[in-house]
Amino acid sequence: MDLKQQLEAQPAVEISAATDAASASDSRPRSPRDELSSYAWLGHIRPSDERRAGAGTRDIFDRLAQTAEPENWDGPFPGQPGDLGVLKHYVTWRFEQAINKGMVLSNADSQLSTFNTGLTTPRQDDIYGLFVPNNRPDREPWVLKDWRLPGDRQLETFPELPVPAAYSEDPHEYLFDWDLPLRFSASYVTGSVSHRFPAALREIPYGLELALETAVARARKMAMRNPGTAVPMWQTERQEVQLLLPLSLVNPGKPDAALAISRADTCYHGVAVVALDKAYNDARLVARPGAHWLSPSR
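Every value quoted in this text rests on a predicted model; they were computed, and no experiment measured them.

### A few points about the packing of helix 5 (residues 60–67) against helix 6 (residues 85–100)
So, point 1. Remark: helix 5 packs on helix 6, axes separated minimally by 11 Å, with the N-to-C direction vectors making an angle of 95°. Comparing the axis directions of helix 5 and helix 6 gives the class roughly perpendicular. Two secondary-structure elements touch here, helix 5 through F61, L64 and A65 and helix 6 through L87, K88 and V91.
So, point 2. Of the residues belonging to the contact of helix 5 with helix 6, the class tally is five nonpolar, no polar and one charged.

### Brief notes about helix 9 (residues 205–225)
So, point 1. Its 21 residues place the ends of helix 9 30 Å apart at the C-alpha level, agreeing with the 30 Å of an ideal helix rising 1.5 Å per residue.
So, point 2. Among all positions in helix 9, only L208, E209, A211, L212, A215, V216, A219 and A223 are buried. The arc enclosing the buried residues of helix 9, seen along the axis, measures out at 165°, which places them on a common side. Pointing more than 90 degrees away from the buried face of helix 9 are the exposed residues Y206, R218, K221 and R225.

### What to know about the side chain of K88
So, point 1. For K88, the location among the structural elements is in helix 6.
So, point 2. Polar side-chain contacts of K88 include one of 3.1 Å to the backbone oxygen of D83.

### Observations concerning the layout of surface pockets
So, point 1. In this structure, the second largest pocket encloses a volume near 270 Å³.
So, point 2. Forming the walls of the second largest pocket are 20 residues, and the residues nearest its centre are M222, P246, S248, P252 and G253.
So, point 3. Residue assignment for the lining of the second largest pocket shows that the elements contributing at least two residues are helix 9 and strand 9 (240–247).
So, point 4. Here the lining of the second largest pocket gets four residues from one element, more than from any other, and that element is helix 9.
So, point 5. Along the lines of polarity and charge, the residues of the lining of the second largest pocket split into 11 nonpolar, seven polar and two charged.

### A closer look at the sheet that holds strand 4 (residues 113–120)
So, point 1. Reading across from one edge, 2-6-5-4-3 is the order of the five strands in this open sheet, with mixed pairing throughout. Edge positions in the sheet fall to strand 2 (40–41) and strand 3 (105–106), since each has one partner strand and no second.
So, point 2. As judged from the two bridges shared by strand 3 and strand 4, these two strands associate in the antiparallel manner. Bridge assignment links L105 to a residue of strand 4, and that residue is T114.
So, point 3. Of the strands in this sheet, strand 4, strand 5 (126–133) and strand 6 (142–148) touch helix 5, which is tilted by about 20° from strand 6.

About the cut-offs
- Residues numbered from 1 in each chain as written.
- Predicted model: local features only at pLDDT ≥ 70, side-chain atom pairs only at ≥ 80, totals over all residues.
- Heavy atoms only, no water.
- Axes fitted to C-alpha atoms, helices over the stretch in contact; angles between N-to-C directions.
- Helix = DSSP H or I, 4+ residues; strand = E, 2+ residues; numbered from the N terminus.
- Parallel < 35°, antiparallel > 145°, perpendicular 65-115°, else oblique.
- Contact = heavy atoms within 4.5 Å.
- Nonpolar A, V, L, I, M, F, W, Y, C, P; charged D, E, K, R; others polar.
- Expected span 1.5 Å × (residues − 1).
- Buried < 20%, exposed > 50% of the residue type's maximum accessible area, 1.4 Å probe, protein only.
- Arc of directions from axis to C-beta.
- Polar contact = N/O pair within 3.5 Å; in protein donor to acceptor, adjacent residues only side chain to side chain.
- 1 Å grid on protein atoms, 1.4 Å probe; cavity = no way out; pocket = protein on both sides within 12 Å on 5 of 7 lines; lining within 4 Å.
- Points joined across faces, edges and corners; volume = space filled by probe spheres on them.
- Pairing = 2+ DSSP bridges.

In structure tokens:
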């Protein structure tokens, strides 16, 4: 299984009046364009079972996890232990953002290229991906050689080193504005996302609709009292920064899912109900989530 297949993620379910159920195109997972695997050969990717068993050869993602600040790269929610799925998702989209913004740089003789991963070591040194030309003409043009730190001799051949590619240059997009109203219609979403919520509520569709409306109102109230409740994420399908709010339908201290909201000129729109593991993955693209509801293991 290649990296692109490994990174296929469960999609958010869009809130739309067009249909009562998710269409076939909505239900298909969207793979990242995977610019990284097109740009460079990544070497052998160690299977999760080998990583869990401590067997096999460390791959490029093992080495990055060891170099960067300690973090649970499997994610805080139940998944596949040892997969490093959060890290793979992060690196793939971070590289795509860098290449789209012209921030994958080559040195003077074009024998090396590099990008800033946006990650740091425990000493807060930036971590760069270093590429060398692939000597196999039928394969990717580059090989991801390793991760390097400032002061590395090969990095010194670059006139300047790239900075991390931002997802938005507008800082307001990352912050919750409590002056803006939130528009959300539960009637458009309950049918297509009811599987994300407790069985008792699924048996009463109108009850689920009312519960969702209440949960959204309470989540907005929480964000008004503590703006840090709203967690920024990079919405990969829409290519925009959105904010995540917790949706708790049974236990007020335990979210069942997250609501993604998109900022317009005069309001926020609720655009998707997202499973918590996907919410964490997409939030981690922007920054390590600090809100307790989305990173309970912190």
